[in-house]
Amino acid sequence: MNAIENLAVNSIRILSADAIQKANSGHPGLPLGCAAAAYELWAHHMNHNPANPSWANRDRFILSGGHGSMLLYSLLHLFGYGLTKEDLMNFRQLGSLTPGHPEYGHTVGVEATTGPLGAGMGMAVGMAIAEKHLASVFNKENYPVVDHYTFVLGGDGCMMEGISSEAFSLAGTLGLGKLIVLYDSNQISIEGSTDIAFRENVQERMKAFGFQTITVEDGIGMAIEAAKAETERPSFITIKTQIGYGCPAKQGKASAHGEPLGEENVKALRENLGWPYEEPFFVPQEVYEHYSRLAEEKAEAEAAWNVMFAAYCGEYPEMEALWDQYH
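Being a predicted model, the structure only gives us computed values, none of them experimental. (Residues numbered from 1 in each chain as written. Predicted model: local features only at pLDDT ≥ 70, side-chain atom pairs only at ≥ 80, totals over all residues. Heavy atoms only, no water.)

Student: Talk me through the packing of aromatic side chains; I want residue IDs and the actual numbers.
Tutor: Scanning the model with the defined rule gives 21 aromatic pairs in all. Ring centres of Trp275 and Tyr277 lie 5.4 Å apart, and the angle between their planes is 80°; this geometry places the pair in the edge-to-face category. Geometrically, the ring pair formed by Tyr277 and Phe282 is tilted, given 4.9 Å between the ring centres and 55° between the ring planes. For Phe282, a relative accessible area of 25% gives the class partly exposed. Among the aromatic residues, those joined into a ring-pair cluster are Trp55, Phe138, Tyr143, Trp305, Phe309, Tyr312, Tyr316, Trp323 and Tyr326. (Phe/Tyr/Trp six-rings, centres within 6.5 Å; stacked < 30°, edge-to-face > 60°. Buried < 20%, exposed > 50% of the residue type's maximum accessible area, 1.4 Å probe, protein only.)

Student: Go over the sheet that holds strand E3 (residues 179-185), please, and point to the residues and values.
Tutor: What the five strands build is an open sheet, ordered E1-E2-E3-E7-E6; its pairing is parallel. What marks the edges here is a single partner per strand, and that holds for strand E1 (60-63) and strand E6 (212-216). Strand-to-strand, the axes of this sheet are offset by a mean angle of 20°, without reference to chain direction. The sheet contact formed by E1 and strand E2 (residues 150-155) spans four bridges and is parallel. Looking at E2, one finds that Leu63 is bridged to Leu153. Each of E2, E3, E6 and strand E7 (235-240) touches helix H9 (residues 220-229); the most contacted strand, E6, lies at about 175° to it. (Pairing = 2+ DSSP bridges. Helix = DSSP H or I, 4+ residues; strand = E, 2+ residues; numbered from the N terminus. Axes fitted to C-alpha atoms, helices over the stretch in contact; angles between N-to-C directions. Contact = heavy atoms within 4.5 Å.)

Note that every value here comes from positions in space, so none of it alone points to a role or purpose.
See the structure below:
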């Protein structure tokens, strides 16, 4: 990861820690631990267009671990989805666009209302089923007008819940090759080590459901591409993370899960990450420019799709009429 990308990732961590500290409430552990993986996904592997969040063929991203909402809000802010710095400063405040858990229809770019652990996994399976069904209805030779992935990120708590097992069993049975699950595996829950409630081999469980399983310590990008290359099965990527990454007193500990880091620990986080800016919520202009360039590149994917879709409608006017009925 080069210098600007390192800054881009740490911007997610700093914004998350600052917002949670200002609110004096929230869950910093997931945003700090998952920032690098989420950045890699959004920047280099996910088709989305911040200029048109409702593009029909965008890839979907669901944060099943909805308590880690500042990860998502930081991404939406930095990529230019319309969330302002003031919105981040109002995290968890009544009526704000940044509630404690993401809410679909309330905040632009949020694909699903999440919070109850495991529920986002079920919704992701539903979205992947919808993609496969719509593709079977609308796609014609040389016209893959429905062709997108569903990515879902959740942690140990999501994997403990019964709903995730039920949903994943169905996903494997249906061969949902465009479903990619990112498992934030840090072995820590709010009560402490996951061993107190959760000891099975999760990867073997997912294999039994019919998933391709991949485990990474680093190099999430290659894992995502391997998941995309598997078209017959859904994929399950275990990412070995550290909860509260970057905060010396909290990293790898249960206390990082569900409470603000504390003023001194936020300061230590900045020092440990080599973040030279003391002002809360400050992100250097070069980082915003980097994200802006990424967003412009993302717009190209929709532009190419729009050209294809126009040709598709010209050749299949009856399908265009059906498409309008569906939408």
